[in-house]
Amino acid sequence: MTDVDFDSEQYEKCREAGEILAQVRDEAAERVEVGVSHLEIAQWAEDKIRELGGKPAFPVNISIDEEAAHATPERDDDATFGEEMVNLDIGVHVDGWLADTAVTVDLSGQDELAEAPAEALDAALDVAGPGVDVGQIGAAVEEVIEGYGYNPVVNLTGHGLGHWEQHTQPNIPNREVAQGATLDVGDVVAIEPFATDGRGKVQEGADEEIFALEREGSVRNRQARQVLEQITEEYRTLPFAARWLDSPRAEMALRRLKQQDIVHGYPVLKEQDGAYVSQKEHTVIITEDGCEVTTRSR
């Protein structure tokens, strides 16, 4: 095992990102009420991140009821919150060093479903540490969620966080697996239990508002070229929203870039119709004696 300098710039920036994120998550969650606009919450959170000295690591995800991930408002979105289950998933980076967090704000009156992933996350944090097989974390998550009478979402996982990389190894399952990766001192990982009263598997929906650069490439179309320049300069390999792009014809430019496999989209991930999904997520640094949670409320 190599010596890890937890005072290095990398870890200091991870902590700074986590501190900004904890504040923004808590304040954004308080603003979620029936009748409030999705777009207003997303833009408020993204602006607040910048105001506090970070940058959004990906567009604010606002997932409703059966939606689990990758839902974000479009440019002129007029959707408002109803008596629904709302998941906020927010990311911050400081110079490419990341933090990722999520919370369920339940407006639907299903307290237990909202509590299940929060308690499962606490159980996972008790287990996480150096030398721990990620399957043990999955087992802790699964036990709590099933104890509430719900299913963990088995095809969504926690993940490592790299430099300018939102999803790296190791994947951290939400159920017991026979053998997974082993956590090491210095790893930065996001642990994110999902609970559902559905079947425990999500699939891709038709909507797509979040994209990321797949590869560098040259394009002939002027608008597509301008959009590609903005993507590579501002977001690099991190996910971005169509509404973040300055071009008045951004949607058409994105279609061209997708056709050439220069960018890829993230379809909204959903449970079966009529189901509900709840989520809780923290980012942690694996330390010699356990883990340090960077996104805890202060």
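How each quantity is defined
Residues numbered from 1 in each chain as written. Predicted model: local features only at pLDDT ≥ 70, side-chain atom pairs only at ≥ 80, totals over all residues. Heavy atoms only, no water. Pairing = 2+ DSSP bridges. Helix = DSSP H or I, 4+ residues; strand = E, 2+ residues; numbered from the N terminus. Axes fitted to C-alpha atoms, helices over the stretch in contact; angles between N-to-C directions. Contact = heavy atoms within 4.5 Å. UniProt positions renumbered as here; feature names shortened; annotations may be inferred. Expected span 1.5 Å × (residues − 1). Buried < 20%, exposed > 50% of the residue type's maximum accessible area, 1.4 Å probe, protein only. Polar contact = N/O pair within 3.5 Å; in protein donor to acceptor, adjacent residues only side chain to side chain. Parallel < 35°, antiparallel > 145°, perpendicular 65-115°, else oblique. Nonpolar A, V, L, I, M, F, W, Y, C, P; charged D, E, K, R; others polar. Salt bridge = Lys/Arg side-chain N within 4 Å of Asp/Glu carboxyl O. Lys, Arg positive; Asp, Glu negative; His and termini not counted. Left-handed = near helix turned anticlockwise from the far one by under 90°.

## Some thoughts on the sheet that holds strand β15 (residues 290–293)
Strands pair in a sheet through their backbones, by hydrogen bonds, and they do so in one of two ways: parallel or antiparallel.
At step 1: In space, the five strands of this open sheet follow the order β7-β6-β8-β14-β15, with antiparallel pairing throughout. Bordering the open sheet on either side are β7 (165–172) and β15, each of which pairs with just one other strand. On average, each strand axis in the sheet is inclined to that of its neighbour by 40 degrees, with strand direction left out of account.
At step 2: Of the strand pairs in this sheet, strand β6 (residues 158–162) and β7 are connected by three bridges, and their pairing is antiparallel. Following the sheet pairing, G162 is matched in β7 by E165.
At step 3: Strands β8 (188–191), β14 (282–287) and β15 of the sheet are contacted by helix α1 (residues 9–31), whose axis makes an angle of about 150 degrees with β14.

## Considering the sheet that holds strand β10 (residues 203–213)
At step 1: A sheet is described by the order of its strands in space; here four strands give the open sequence β2-β12-β10-β11, paired in antiparallel fashion. What marks the edges here is a single partner per strand, and that holds for β2 (67–69) and β11 (240–241).
At step 2: Where β2 lies against strand β12 (residues 263–270), two bridges are found, and the strand directions are antiparallel. Opposite E67, over in β12, you have K270 as the bridge partner.
At step 3: Strands in contact with helix α5 (residues 222–235) are β10, β11 and β12; relative to β10, the strand with the most contacts, it is inclined by about 80 degrees.
At step 4: Across the sheet, helix α6 (residues 250–259) is in contact with β10, β11 and β12; its angle to β12 comes to roughly 100 degrees.

## Looking at the UniProt feature "binding site: substrate" (unreviewed entry) in the protein chain
At step 1: The residues that UniProt annotates with the feature "binding site: substrate" (unreviewed entry) are H70 and H167. For the residues just named, distributed over 98 residues, the greatest C-alpha separation is only 13.5 Å, placing them together at one site.
At step 2: Structurally, the position occupied by H70 is in the loop between β2 and β3 (85–94).
At step 3: Aside from chain neighbours lying at most four places away, what touches H70 is N61, I210, Y266, P267, V268 and L269.

## Topic: helix α3 (residues 111–127)
At step 1: Under the 1.5 Å per step criterion, the end-to-end length of α3 is 25 Å for 17 residues, consistent within 8% with the ideal 24 Å.
At step 2: Among all positions in α3, only L113, A114, A116, P117, A120, L121, A123, A124 and L125 are buried.

## Here's the deal with the UniProt feature "binding site: a divalent metal cation 2" (unreviewed entry) in the protein chain
At step 1: UniProt's feature table lists "binding site: a divalent metal cation 2" (unreviewed entry) at D100, H159, E192 and E281, given in the numbering used throughout. Spatial clustering of the annotated residues is evident: they stretch over 182 residues in sequence, but the largest pairwise C-alpha distance comes to 10.8 Å.
At step 2: Looking at the secondary structure, you find D100 in strand β4 (residues 97–106).
At step 3: Of the polar contacts made by the side chain of D100, one reaches the side chain of H159; its length is 3.3 Å.
At step 4: Inspection of the secondary structure assignment puts E192 in the loop between β8 and β9 (194–196).
At step 5: Not counting residues up to four positions away in its chain, the partners in contact with E192 are D89, T157, G158, H159, N174, Q279, K280 and E281.

## Let's talk about the packing of α5 against α6
At step 1: Running from N to C, α5 and α6 cross one another at 85 degrees; their axes reach a closest spacing of 9 Å. Regarding the angle of α5 to α6, the classification is roughly perpendicular. Taken together, the residues of α6 that come into contact with α5 (itself represented by Q223, A224, V227, L228 and I231) are A250, A253, R256 and L257.
At step 2: For the contact of α5 with α6, a count of residues per class yields seven nonpolar, one polar and one charged.

## Let's talk about the pattern of salt bridges
At step 1: Overall, the coordinates contain 11 salt bridges when judged by the stated rule.
At step 2: The residue R298 makes a salt bridge to E19 at a minimum N-O spacing of 3.9 Å. Placement of the pair is R298 in the segment after β15 and E19 in helix α1, with a sequence separation of 279 residues.
At step 3: R298 sits in the exposed class, given a relative accessible area of 61%.
At step 4: One network of salt bridges, in which partners are shared, links E9, K13 and D95.

## With respect to the side chain of E84
At step 1: Assignment of secondary structure puts E84 in the loop between β2 and β3.
At step 2: No salt bridge is formed by the buried E84, whose closest oppositely charged neighbour, K270, lies at an N-O distance of 12 Å.
At step 3: Residues in contact with E84, not counting those within four places in the same chain, are I64, D65, V105, D106, L107 and S108.

## Quick notes on the packing of α3 against helix α4 (residues 134–147)
At step 1: Between α3 and α4, the shortest axis-to-axis distance is 8 Å and the interhelical angle comes to 150 degrees. By the angle between their directions, the pair α3 and α4 is classed as roughly antiparallel. Helix-helix and strand crossings are classified by hand; for α3 and α4 the assignment is right-handed. Along the contact surface, α3 presents A116, E119, A120, A123, A124 and V127, while α4 presents Q136, I137, A140, V141, V144 and I145.
At step 2: Classifying every residue of the contact of α3 with α4 by side-chain character gives 10 nonpolar, one polar and one charged.

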